[in-house]
Amino acid sequence: MRYLAKKIIEALITIFIVTIIVFLAIHSSGDPINSLLPDSATEAQRQELTEKLGLDRPLVEQYGRFVKDALSGDLGTSYTSKRPVLEMIAEKLPYTFELALVAIIIAFIVTIIFGSLAAIWKNTILDRIILAIAAFFKASPIFFIAILAVQLLGVKLRVLPVAGAGTPLHLVMPAGLLGLAIASDMTTLLRSNMIAVLESDFIKFGRLRGLPEYKVILKHALRNSFSSVLALSSFIFASLISGSIVVETIFAWPGVGILSYNSVISRDFPVVQGIVLILSILTILLSFTMDALLAMLDPRIRKSV
Amino acid sequence: MNILEVKNLVSQLNTEDGVLHIINDVSFAVKEDECFGIIGESGCGKTMTSMSILGYSDRIGLKAVSGEILFKGEDVLKFSKKRLREYNGKEAAIILQDPMQALDPLFTIKDQMIETIRRHQKVSKKEAEKIMIETAESLSVAKEKLNCYPHQLSGGMLQRIVGAMVLSCRPKLIIADEPTTALDVTIQLQYLKLLKRLQKEYHTALIFISHDIKVISMMCDRIAVMYAGEIVETGTRDDLFYHPKHPYTQALFKATNIDGNIRERYETIDGAPPNLKEEIAGCPFAERCQYATDACISGKPEVVKINDEHTVKCRRIADE
Amino acid sequence: MSNVIELKNVDKSYTNSGFLKKTTCAHILKNISLQVEKGTTLGLVGESGSGKTTTTRMILRQEKPTNGELFYEGKNVEELTKEVEEEYRNNVQVVFQNPYSSLNPKMRVGEIIAEPLVITGKYNKEEIKKRVRSIMEKVGLAQDYVERFPSEFSGGQRQRIAIARALIQNPQLVILDEPVSALDVSVRGQIMNLLKRVQEKNKTTYIFISHDIATVGFLSDTIAVMYFGTIVEYGKTEDILENLRHPYTEMLISSDSVRNLSEAEEESGEIPSHYDEPKGCPFAGRCKYATDECRNVTPQLKDIGDGHKVACHNAESITLKSVVKINRRKPEYQI
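Given the structure is predicted, the values throughout are model-derived calculations rather than measurements. (Residues numbered from 1 in each chain as written. Chains lettered and ligands numbered in written order. Predicted model: local features only at pLDDT ≥ 70, side-chain atom pairs only at ≥ 80, totals over all residues. Heavy atoms only, no water.)

## A closer look at the overall build of chain B
Working step 1: The secondary structure content of chain B amounts to 12 helices and 13 strands.
Working step 2: For 320 residues, the compact-globule formula gives about 20 Å, and the C-alpha radius of gyration of chain B, at 20 Å, lands near that figure.
Working step 3: Projected onto its principal axes, the C-alpha positions of chain B cover 65 × 50 × 40 Å.
Working step 4: Counting the 320 residues in chain B, one finds 59% classified as buried.
Working step 5: Of all intrachain contacts in chain B linking residues separated by at least 6 positions in sequence, the fraction that spans at least 24 positions is 65%.
Working step 6: Taken as a whole, chain B presents about 12,900 Å² of accessible surface, with 48% of it coming from carbon and sulfur.
Working step 7: Here chain B contributes 42 positively and 46 negatively charged side chains, and the mean placements of these two sets differ by 7 Å. (Helix = DSSP H or I, 4+ residues; strand = E, 2+ residues; numbered from the N terminus. Rg over C-alpha atoms; globule rule 2.2 N^0.38 Å. Buried < 20%, exposed > 50% of the residue type's maximum accessible area, 1.4 Å probe, protein only. Contact = heavy atoms within 4.5 Å. Areas by Shrake-Rupley, 256 points an atom, 1.4 Å probe, with all protein chains shown as cover. Lys, Arg positive; Asp, Glu negative; His and termini not counted. Charge placed at Lys NZ, Arg CZ, Asp CG, Glu CD.)

Next comes the structure, spelled out in structure tokens:
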């Protein structure tokens with residue numbers, strides 16, 4: 001219980017800090033006024049818009065207003081579409097969520113199967129193939145892989161649709177690629193952990209007590225190897241977010257990724273701030289869940305707090 | 001009746017640095033219900049021998065070049081994977097050196113014990129629990145400790161739990177590989193006394209491996225001395241203590257300072273054990289032995305029988 | 001004779017407190033006072049949980065005492081000037097238990113041994129080479145080992161390398177933390193003999209830590225027996241080994257010298273937990289001589305004559321078995 005409370009407070013502090021950082025970053029990246037008004041606008045018109053949007057107030061005040069509004073559920077209004085930010089995000093979030101969820105599931109399945117196989121059959125051809133594929137995914141930027149996939153599966157072979165979000169089939173390529181991209185890091189990590197765990201005394205003792213091999217691997221080896229993969233979760237989530245921006249853009253998947261890309265380009269402060277806030281809350285929640293999962297998994301962590 | 005007979009075992013270990021000739025013609029027999037000791041220092045091959053006896057050699061890159069290991073007449077080296085699964089735990093088991101490492105840190109003791117019991121006996125969960133509690137009690141492990149995780153218990157307690165796990169399956173042969181080395185010295189004796197009592201109660205043969213002569217002398221009826229992958233002397237405890245014949249055995253006893261008295265200088269054995277990368281043509285101890293002759297270096301000595309149980313592998317003794 | 005190191009009434013506690021947590025406190029060391037005279041060896045005997053490791057870390061200044069003081073050559077270490085502090089660091093060296101993890105596997109033997117000199121920045125290349133060669137000879141390492149890596153050597157040889165590294169600056173004090181516990185029996189004697197020879201020649205001061213009372217007795221002039229963070233017996237080696245007064249010392253010695261399992265007890269208990277400290281004497285739960293007073297009142301270290309101190313209520317009344325004899329004659333031959 002105390003462990004949880006501590007984590008919640010840490011989470012809130014982190015969210016605050018993240019929003020301040022992004023606020024400062026986005027405000028120093030350029031003036032939205034230029035992208036909102038045509039080049040022919042007069043100085044007076046610029047001045048008027050600046051005042052209207054409150055961009056001439058001191059930064060601290062602007063931030064204060066943002067926080068105050070956010071706490072009451074108002075994330076401001078988009079400069080470009082004039083719609084409430086919260087509404088814009090809310091309609092796009094489910095798509096991104098669906099994409100991310102399927103990607104994570106694919107990533108976990110791929111990691112567990114191939115990471116374990118590579119560790120058990122280490123230094124054989126199977127291992128080397130798995131490592132090579134993982135290296136390919138790790139080294140290639142996601143847009144490169146995406147374009148390759150689109151060419152091969154979408155255009156040449158015509159097995160999968162390349163854009164939009166109509167059917168489950170539409171989800172296959174974007175989620176699959178995103179999942180594989182994340183899985184590449186997780187798989188090599190699981191493999192190296194498992195190789196170390198398989199050398200340990202308790203695995204030896206388990207086998208020498210007569211435990212069947214499948215139990216030794218699935219119950220004992222896998223569980224012990226998994227904790228550091230889980231510990232990677234924040235990093236994984238960060239990759240998910242950046243990956244989904246690219247993937248959504250390429251596959252025209254109507255999620256938050258595409259929205260954030262467009263808003264940053266157009267300096268649409270309220271939308272960017274709103275997205276960052278929501279995403280950081282989600283990241284904290286995820287990290288929180290992962291910590292809880294880790295504590296459930298490893299009794300040594302539980303007891304030390 | 002011999003429960004185990006190791007006959008002329010020669011094994012090589014594949015390592016990154018090359019092939020090590022780690023077991024060179026090892027032969028010994030262990031009777032039912034007996035406590036048989038193997039003394040040797042690091043690198044002498046005692047742990048590798050125990051892995052071979054348990055059929056674990058393949059997993060560590062150890063290949064038997066020749067010889068047999070007969071457990072109740074069957075050659076362990078030829079066991080199929082299926083046969084091994086029955087053999088491990090139910091017929092032959094091991095107690096490892098470090099109990100903290102021998103158990104999975106993520107599961108409770110209870111979980112791991114019941115897992116072991118149910119693997120070898122067709123019993124319900126409740127019955128398995130009963131067996132677990134009974135065995136644990138016979139090793140003075142309180143019921144409450146069984147719900148703990150390994151990291152919450154002390155080394156001494158964990159080694160008892162490991163003992164309970166092993167004994168719960170009633171194996172006919174238990175190998176204890178340096179079981180007290182990782183324990184505090186005031187805990188060691190308790191454990192040994194317990195182990196000895198249980199060995200008799202459960203009617204198991206015990207192969208006790210150690211580098212500590214004092215410990216082996218307390219536990220074992222018959223002892224083999226191992227050096228550089230060979231057994232240089234075998235005998236009863238009295239044979240070895242009062243009439244050690246092999247120069248290495250004699251030197252080892254002197255260096256151990258058995259009576260515990262404090263002297264001005266320690267007895268030592270100069271030099272170091274041979275490199276096992278090459279096959280040694282003669283006696284492995286020759287380069288450190290004060291009695292070594294050219295014949296010792298060029299050819300292997302034969303085994304000399306001094307009495308019923310006492311044998312030595314030494315040219316000097318053979319010549320006498 | 002002056003003291004190189006002195007600990008006065010040192011306590012060390014670790015407190016685990018924090019936001020939304022119950023504060024727990026583990027008293028690892030309680031009222032430790034000990035001295036080491038120049039040119040002699042102080043032996044610290046104890047098992048796990050005794051506090052000997054923490055005491056070592058205290059002397060190496062990796063930890064600060066919660067209470068109490070540490071003196072170096074009569075001066076309080078907290079008040080040392082910068083030069084003297086540097087002198088302290090160069091003069092207090094350590095040899096650890098595990099020869100496989102105390103040497104950097106990527107460094108050559110010569111570099112490992114030279115490192116302490118290189119760090120001071122006071123010596124040139126030639127001088128360093130000369131000193132490395134000299135110490136290697138003293139310690140029994142062949143000269144052509146300089147270019148090799150630790151992985152090519154056995155445990156005993158690695159310990160020699162560690163000892164060479166510790167001795168190259170001719171330190172005043174060397175802390176030997178279980179230096180032979182991880183070595184084979186036939187090699188232990190080589191290292192112990194070496195350490196003794198070095199001390200006889202250079203008048204180095206040692207603090208020798210071990211759980212094995214026989215090896216401690218070989219090298220030590222004074223012994224402190226530690227249990228659960230306190231010193232339970234303290235005195236000259238002869239007094240401790242031949243005229244022991246504390247039941248724990250008796251348990252340690254007899255564990256080492258038992259010949260027959262029938263003499264051993266099947267239940268001799270375990271050390272208590274730091275988070276659940278027992279009232280009274282920490283050894284009372286395992287002591288066959290324990291009385292009610294023992295279970296309720298913590299005994300203090302009392303001098304029972306000639307510097308021999310014991311922390312036991314029954315020190316005067318019980319007779320304890322001593323099975324160790326000290327025979328400081330050189331052996332006639334060496335195998």
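## Focus: a negative patch on the surface
Working step 1: Negative charge collects at one region of the surface, where E37, D221, E238 and E242 of chain C lie side by side.
Working step 2: Relative to the assigned elements, E242 of chain C resides in helix α8 (residues 237-242). (Patch = residues over 30% accessible without salt bridge, like charges linked within 9 Å, V, L, I, M, F, W, Y side chains within 5 Å. Salt bridge = Lys/Arg side-chain N within 4 Å of Asp/Glu carboxyl O.)

## Focus: the interface of chain B and chain A
Working step 1: Facing the 29 residues of chain B at the interface are 22 residues of chain A.
Working step 2: Run the count over chain B and chain A and you get 4 salt bridges.
Working step 3: R209 of chain A serves as the salt-bridge partner of E115 of chain B, at 4.0 Å between the closest nitrogen and oxygen.
Working step 4: Applying the counting criterion to the chain B and chain A interface returns 14 residue pairs in polar contact (both at pLDDT 80 or more).
Working step 5: Looking at the side of chain B that touches chain A, the elements with two or more residues in it are α2 (81-90), β6 (92-95), α3 (99-102), α4 (109-120) and α6 (155-167) of chain B.
Working step 6: No other element matches α4 of chain B, which puts 6 residues into the side of chain B that touches chain A. (Polar contact = N/O pair within 3.5 Å; in protein donor to acceptor, adjacent residues only side chain to side chain.)

## Quick notes on the packing of aromatic side chains
All names here are of chain A.
Working step 1: Scanning all chains against the criterion turns up 16 aromatic pairs over all chains.
Working step 2: Aromatic side chains F108 and F226 sit 5.9 Å apart centroid to centroid with 35° between the ring planes, which places their arrangement in the tilted category. With F108 in helix α5 (residues 85-120) and F226 in helix α10 (residues 213-231), the pair connects residues that are 118 residues apart, well separated along the chain.
Working step 3: The exposure class of F108 is partly exposed, given its relative accessible area of 24%. (Phe/Tyr/Trp six-rings, centres within 6.5 Å; stacked < 30°, edge-to-face > 60°.)

## Some thoughts on the state of the cysteines
Residue and element names in this part refer to chain B.
Working step 1: Applying the stated rule across the entire model yields 0 disulfides over all chains.
Working step 2: C220 forms no disulfide, and the closest cysteine sulfur to it belongs to C35, at a distance of 3.6 Å.
Working step 3: Take C220: its relative accessible area is 0%, and that puts it in the buried class. (Disulfide = S-S within 2.5 Å.)

## Quick word on the sheet that holds strand β7 (residues 173-177) of chain C
Residue and element names in this part refer to chain C.
Working step 1: Spatial strand order, β6-β7-β8-β3-β9-β10-β12-β11: 8 strands in an open sheet with mixed pairing. Every other strand in the sheet has two partners, leaving β6 (92-95) and β11 (302-303) as the edge strands with one partner each.
Working step 2: Of the pairings in the sheet, the one linking β11 to strand β12 (residues 309-310) comprises 2 bridges and is antiparallel in character. Counted as the bridge partner of D303 is K309 from β12. (Pairing = 2+ DSSP bridges.)

## Some words on a nonpolar patch on the surface
Residue and element names in this part refer to chain A.
Working step 1: A cluster of nonpolar side chains, I8, I9, L12, I13, F16, I17 and I21, forms an exposed patch at the surface whose accessible area comes to about 650 Å².
Working step 2: Note on placement: I9 falls in helix α1 (residues 2-27).
Working step 3: A relative accessible area of 34% means that I9 is categorised as partly exposed.

## Some thoughts on the side chain of H308 of chain C
Residues and elements named next belong to chain C.
Working step 1: If you trace the backbone, H308 turns up in the loop between β11 and β12.
Working step 2: Looking at H308, the relative accessible area reads 2%, which means it is buried.
Working step 3: If near-sequence neighbours (up to four positions away) are discounted, H308 is found in contact with E233, Y234, G235, D239, I240, N243, R245, K302 and D303.

## Overview of the nonpolar core
Working step 1: The biggest cluster of nonpolar side chains holds 107 residues, and the ones touching the most others in it are F205 of chain A together with L4, F28, I53, I207, F208 and M219 of chain B.
Working step 2: Tallying contributions element by element places α6 of chain B first for this core, with 8 residues.
Working step 3: Leave out the neighbours within four places in its chain, and F205 of chain A touches I94, L96, A102, L103, V162, M165 and V166 of chain B.
Working step 4: If you look at the next biggest cluster of nonpolar residues, it comprises 63 residues, including M136, I161, A164 and L176 of chain C. (Core = buried A, V, L, I, M, F, W, Y, C linked by side-chain atoms within 4.5 Å.)

## A few points about the packing of helix α6 (residues 125-139) of chain A against helix α8 (residues 168-198) of chain A
Residues and elements named next belong to chain A.
Working step 1: One way to put it is that α6 packs onto α8 with a least axis distance of 8 Å and a crossing angle of 135°. Put simply, α6 runs oblique to α8. α6 and α8 meet at a crossing whose hand is left-handed. Facing D127, I130, L131, A134, F137 and K138 of α6, the residues of α8 in contact are L180, A181, S184, D185, T187, T188 and R191.
Working step 2: Along the lines of polarity and charge, the residues of the contact of α6 with α8 split into 6 nonpolar, 3 polar and 4 charged. (Axes fitted to C-alpha atoms, helices over the stretch in contact; angles between N-to-C directions. Parallel < 35°, antiparallel > 145°, perpendicular 65-115°, else oblique. Left-handed = near helix turned anticlockwise from the far one by under 90°. Nonpolar A, V, L, I, M, F, W, Y, C, P; charged D, E, K, R; others polar.)

## What to know about the interface of chain B and chain C
Working step 1: Each partner contributes to the interface: chain B provides 42 residues, whereas chain C provides 50 residues.
Working step 2: For the pair chain B and chain C, the summed buried surface comes to about 4,400 Å²; carbon and sulfur atoms form 49% of the total.
Working step 3: Per-residue buried area on chain B facing chain C is highest for I262, R265 and Y266 of chain B; these three make up 20% of the total on that side.
Working step 4: Our enumeration of links across chain B and chain C arrives at 2 salt bridges.
Working step 5: A salt bridge links R265 of chain B to E200 of chain C, with the nearest nitrogen and oxygen atoms 3.1 Å apart.
Working step 6: Scanning the region where chain B abuts chain C turns up 10 residue pairs in polar contact (both at pLDDT 80 or more).
Working step 7: Counting residues per element, the ones that place at least two in the side of chain B that touches chain C are α6, α7 (185-202), α8 (213-219), α10 (247-256) and β11 (262-263) of chain B.
Working step 8: The element best represented in the side of chain B that touches chain C is α7 of chain B, accounting for 10 residues.
Working step 9: When its residues are assigned to classes, the side of chain B that touches chain C shows 15 nonpolar, 13 polar and 14 charged. (Buried area = accessible area lost by both parts, 1.4 Å probe.)

## A word on the side chain of T204 of chain B
Residues and elements named next belong to chain B.
Working step 1: Relative to the elements of secondary structure, T204 occurs in the loop between α7 and β8 (205-210).
Working step 2: Owing to a relative accessible area of 2%, T204 belongs among the buried residues under this scheme.
Working step 3: Apart from the residues within four sequence positions on either side, T204 is in contact with D33, E34, L167, P171, K172, L173, I174 and Q199.

Any functional reading would require information beyond the geometric quantities listed.
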